[in-house]
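# Per-entry structural report
Listed below are the residues making up each chain.
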Amino acid sequence: MKTCSLSEFMQAIDPWLSKDYIHKVCLDAHAQLTLIYTDGGGDTYRIDDCTESQLTEILEKIQKMGVEIEFHKAIAH
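This section reports on the structure supplied with the text. Numbering of residues starts from 1 in each chain and follows the order in which that chain's sequence is written. Local features in a predicted model are, by the rule used here, given only for residues with pLDDT of at least 70; side-chain atom pairs are given and counted only at 80 or more, and totals for whole chains, interfaces and linings are based on all residues. As a rule here, side-chain values cover all heavy atoms of the structure and leave hydrogens and water aside.

## Quick word on helix α2 (residues 52-64)
By definition, any uninterrupted DSSP run of H or I lasting at least four residues is a helix, any uninterrupted run of E lasting at least two residues is a strand, and each is numbered from the N terminus. Helices are assigned an expected span. That span is 1.5 Å times one less than the residue count. In this model, α2 (13 residues) spans 18 Å end to end at C-alpha, consistent with the 18 Å of a helix rising 1.5 Å per residue. Each residue is assigned to one of three classes by its accessible area relative to the maximum for its type, calculated with a 1.4 Å probe on protein chains only: buried under 20%, partly exposed between the two thresholds, exposed over 50%. Burial in α2 covers these residues: Leu55, Ile58, Leu59 and Ile62. Each buried residue of α2 lies within a common arc of 95° when the element is viewed along its axis, so the set occupies one face. Pointing more than 90 degrees away from the buried face of α2 are the exposed residues Glu57 and Lys64. Where α2 terminates, the next one or two residues include Gly66, which has phi positive at roughly 95°. Directions from the helix axis toward the C-beta atoms define the arc.

## Details of the packing of helix α1 (residues 6-13) against α2
What counts as an axis is a line fitted to C-alpha atoms, over the stretch in contact for a helix, and the angles between N-to-C directions run from 0 to 180 degrees. Relative to each other, α1 and α2 sit at 10°, their axes nearing to 12 Å. Comparing their axes, α2 and α1 come out roughly parallel. Only Gln54, Ile58, Lys61 and Ile62 of α2 make contact with α1, whose side of the interface consists of Leu6, Phe9, Met10 and Ile13. Roughly parallel means an angle under 35 degrees; roughly antiparallel means over 145; roughly perpendicular covers 65 to 115; every other angle is labelled oblique. Residue contacts follow a heavy-atom distance rule, with two residues in contact if any of their heavy atoms lie within 4.5 Å.

## Digging into the packing of aromatic side chains
Side-chain rings of Phe, Tyr and Trp (the six-membered ring for Trp) are treated as a pair once their centres are within 6.5 Å; stacked means planes under 30 degrees apart, edge-to-face means over 60, and tilted covers the remaining angles. As enumerated under the stated definition, the model contains 2 aromatic pairs in all. Taking the centre distance of 5.0 Å and the plane angle of 75° together, the rings of Phe9 and Tyr45 count as edge-to-face. In this pair, Phe9 is assigned in helix α1 and Tyr45 in strand β4 (residues 42-47), connecting sequence segments 36 residues apart. Accessibility expressed as a relative area gives 0% for Phe9, which makes it buried. Here the aromatic rings of Trp16 and Tyr21 are separated by 5.3 Å at their centres, their planes lie at 80°, and the arrangement is edge-to-face. Residue class for Trp16 comes out partly exposed when judged on its relative accessible area of 43%.

## Comments concerning the pairing of β4
Of the pairings in the sheet, the one linking strand β1 (residues 2-4) to β4 comprises 3 bridges and is parallel in character. If you follow Cys4 over to β4, its bridge partner there is Ile47. Where strand β3 (residues 32-37) meets β4, 5 bridges bridge the pair, whose relative direction is antiparallel. Paired with Leu35 across the two strands is Asp43, which belongs to β4. Strand pairing follows a simple DSSP-based rule, namely that at least 2 bridges must link the two strands. Where β3 hands over to β4, the hairpin turn is made up of 4 residues, of which Gly40 adopts a positive phi near 95°.

See the structure below:
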């Protein structure tokens, strides 16, 4: 997992924001984003300076590029 700022995250993924490169983005209950690439690889990011509304904006931008967004909820015990 990579911890970074919102700015660093956007700079890292901006060239790859396309359904041709990113197959799916998964958001877990801990606000970690996992990018699953079309070649089967993936990276997990924890954005350490991001509000919930900023995270929603990021996901909306990614979804508009044609990338599937998947939400994972915590498992209740």
